[in-house]
Amino acid sequence: MVVNYPGASAGNTQNVQVRMVTEPSAATASNASFAVGRSTVIPAPAHWPKPVSSPAGSSTHSTTETQATSAAQPAAGQSSLIGIVFPGPSDGVPPDSQVAAGPNHLVGVVNSIIEIFSKSGAPLSVSGDNVFFQSVGNCGCFDSRVLYDQADQRFIISTSKRNLSGTSALLVAVSQTSDPTGNWNKFEIAPTTTSWYDFPTLGLSSSAIYISPDVIPNSGPGAHFDLFVIGLPELLAGSSNLNITRFQSVAFTGSLLGAITYGSSPTEFFMETANQGTVLHMFKVNTSGTPTLTKTDITVPFYTIPTGFVQQPGDTTHLSSGSDDIGNVVWRNGSLWCTHAVRSDDGQSTVVRWYEIDTATETLKQSGTVSGAGNATYPAITVTPDGSATLVYTTSSSTQFASAGYAHRNASDPPGAMPVSGIYQAGTVTYMVTRWGDYSGISSDPDGNSVWGIAELAQTSNTTTTAIAQILNASQPPPPGGDFTLSASPGSVTVKQGQSANYMITLTPQNGFQGPVALSCTGLPANTTCSLNPSAVSVSAAAQSQLTIATTAPKTSLGLRSIVFYAVMLPLATLLWSGLRGHRVARVLMMVLVLALAVGFYTGCAGTSTHTTAPNPTSTPVPPPSPTPTPPGTSGGTPLGTHTVTVVGTSGSLQHSVPIQIVVQ
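Here is a short report on the structure shown in this document. (Residues numbered from 1 in each chain as written. Predicted model: local features only at pLDDT ≥ 70, side-chain atom pairs only at ≥ 80, totals over all residues. Heavy atoms only, no water.)

## Some remarks on the overall build of the protein
Each helix and strand in the protein was counted, giving six helices and 46 strands. Each of the 665 residues in the protein was classed as buried or not, and the buried ones make up 53%. Across the protein, the fraction of contacts at a sequence separation of at least 24, relative to all contacts at a separation of at least 6, is 61%. Accessible surface, the protein as shown: approximately 26,800 Å² in total, 57% of it carbon and sulfur. (Helix = DSSP H or I, 4+ residues; strand = E, 2+ residues; numbered from the N terminus. Buried < 20%, exposed > 50% of the residue type's maximum accessible area, 1.4 Å probe, protein only. Contact = heavy atoms within 4.5 Å. Areas by Shrake-Rupley, 256 points an atom, 1.4 Å probe, with all protein chains shown as cover.)

Here you go:
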């Protein structure tokens, strides 16, 4: 059913003068991460249903859906897909976590923190939203979102401003390049003192960004959802004159989620749930010409609002399931992918429902559910160019603390199946604050062969944090003849005991190889450790991993000769000292004698040669030292000498290795 949406004729397009500044990221950022895990409780979105403390009775879900509920897999089942996991930004309860991946950087945001990472997980800089946006007004920011525009190679951040003076606005920042540590264009859009913007969403097409907030009057009734269409060329150029179309009162039941559009599409798509039933609302805006808005109902399997709370060990009334709002939307290759949380078929838990919609025919292609460890909430989905889809979400059960989970399907998997799932960061504590959510984040890497996800964890019983994971795409086997090579630089490093040796391992694809390669090392000498960062690499072009081999120094101990010497000499010295009372010269001579005996005792027992050798007038190559026994009087430590360690790379049935040397002196 297609409706000429009333908001289309009411859409007001204007060239608007806005407050805009350009400034470097360094002006608002520090060089160290501060994951503070504050206990500030942020109210739930105003349009969300109030959770009840126990689930209702069984539901009447349709049985026509292709079910693909997947239990969380053990660590061994996920090792081939999880590339790297590291702590994300942490602030607020809940954090409202998002992540975006560029060619060389990641940007993670939560309610009031923006943090930039390298792709090895190293924090590069961090800024509070209030500081980052202070040049366009006192912020009071919340409900932040971030995405990466792969076509224009820019990061885009949006947030809602509501300060103590009563002014609300939508704030947007656009990086000037693909490097988020450089300059940003920052904008204040649609400031108002009569209402405030709650839960603004963020979408992207080739021509505009799309922000849809819940507009809530400062007093009285009249809350409604608006849609802002903001011209992208002006944002990229840093112009203070923006082309903005505003559609008012567009959504019916909840947040309107705009798609992150990969590639060129004549239409930008938005999704909204109907709270329950067998339809999702799909909205459309043309991406060229004067924006107009239409709506189509997409028939889907029956769903109802999630249970009020989900289980965790020892508790059933503190992990909020949130609402059935769409978590996020992605358009790629003619398909619209979206996801949200729904009540399970038996009505006793919350699961993740995901969909693929054919936008040409406006019909459902497939859907499925994922339950994780038992309950799954706050999902986000994305898809890679080959059609493989990946989810992140939070998951828990009566025996599983709230954890960061993921699920993955290859394009070749049966319809409705999401056969690989697991936990990429396990929770460790029971959470006891009745706010959890509001959304997770996921971003397709520009390399086309991996994605990055962020989800919420309990840091303590009343604070939250996040974890970021690289999730590799193993859907496409290497093409015929496809392979990879390993090389190491340098080939040999000399260190002293207790020091570390660093090498760079380079993986180079051959004959069109693409895929994840897991790295490990073998042949380590005793008391030595090896680490690879990252330990799994997505290879589509030359890629690298840093290898660190850490040696240990020996611990000095009291040897047998020391014990024998002191057992004999101390009583003897005491007697002689007493007997020579009043004879200063004799006492001095006695001390010299004891010292000489000690030196002779140690050198004699060690078997040290006493002869000397004249210097050799010619230069003779000296071979590296061979492994030697641990010196007397010491224990442990990496053995001295030259050791060969082998670095192994494995991808499916392919396996290659490269030897490196560490010389311990």
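## Here's the deal with the nonpolar core
Judged by nonpolar contacts, the single largest core of 37 residues is most densely connected at I156, I189, I209, I230 and L391. Within the second largest apolar cluster, 24 residues are counted, among which are V495, Y503, V517 and V645. (Core = buried A, V, L, I, M, F, W, Y, C linked by side-chain atoms within 4.5 Å.)

## Some remarks on the pattern of salt bridges
All chains considered together, the criterion is met by eight salt bridges. A salt bridge links K186 to E23, with the nearest nitrogen and oxygen atoms 2.7 Å apart. Taken together, the positions of K186 in strand β12 (residues 183–192) and E23 in strand β3 (residues 19–24) put the pair 163 residues apart, joining distant regions of the chain. What makes E23 buried here is its relative accessible area of 12%. A salt bridge links K295 to D297; its shortest N-O distance comes to 2.9 Å. Using a relative accessible area of 7% as the deciding quantity, one classes K295 as buried. (Salt bridge = Lys/Arg side-chain N within 4 Å of Asp/Glu carboxyl O.)

## What about the state of the cysteines?
Summed over the entire model, instances satisfying the criterion amount to two disulfides. The residue that forms a disulfide with C139 is C141, at a sulfur-sulfur distance of 1.1 Å. Judged by the sign of its S-S torsion, about 75 degrees, the cystine formed by C139 and C141 is right-handed. Of the residues examined, C139 reaches a relative accessible area of 0% and is grouped as buried. Its relative accessible area of 10% is what places C141 among the buried residues. Covalent S-S linkage joins C521 and C530, the inter-sulfur distance amounting to 1.7 Å. (Disulfide = S-S within 2.5 Å.)

## With respect to the pairing of strand β5 (residues 98–101)
The alternating pattern of β5 places Q98 and A100 and V99 and A101 on opposite faces, both of which are buried. Two elements, β5 and strand β6 (residues 105–110), share four bridges in a ladder whose sense is antiparallel. Along β6, the bridge assignment pairs A100 with V107. (Pairing = 2+ DSSP bridges.)

## Quick word on the sheet that holds β12
Spatially, five strands are ordered β3-β12-β11-β10-β9 in an open sheet, and the strand pairing comes out antiparallel. Looking along the sheet, the strands with just one partner apiece sit at the ends: β3 and β9 (141–149). Taken over all neighbouring pairs, the strand axes of this sheet differ in orientation by 20 degrees on average, direction set aside. Of the strand pairs in this sheet, β3 and β12 are connected by six bridges, and their pairing is antiparallel. Paired with M20 across the two strands is F187, which belongs to β12. (Axes fitted to C-alpha atoms, helices over the stretch in contact; angles between N-to-C directions.)

## Some details on the packing of aromatic side chains
All told, the structure shown has 13 aromatic pairs when counted by the stated rule. A ring pair is formed by F86 and F117, whose centres lie 5.2 Å apart and whose planes are at 55 degrees; its orientation type is tilted. Separated by 31 residues along the polypeptide, F86 in strand β4 (residues 82–87) and F117 in strand β7 (residues 113–118) bring together distant segments of the chain. You can call F86 buried: its relative accessible area is 6%. (Phe/Tyr/Trp six-rings, centres within 6.5 Å; stacked < 30°, edge-to-face > 60°.)

## Brief notes about the sheet that holds strand β29 (residues 375–383)
Spatially, four strands are ordered β29-β30-β31-β32 in an open sheet, and the strand pairing comes out antiparallel. Edge positions in the open sheet fall to β29 and β32 (420–425), since each of these has one partner strand only. On average, each strand axis in the sheet is inclined to that of its neighbour by 25 degrees, with strand direction left out of account. Relative to strand β30 (residues 389–396), β29 runs antiparallel, the two being bridged by seven bridges. In the sheet register, V383 faces β30, and the bridge partner there is A389.

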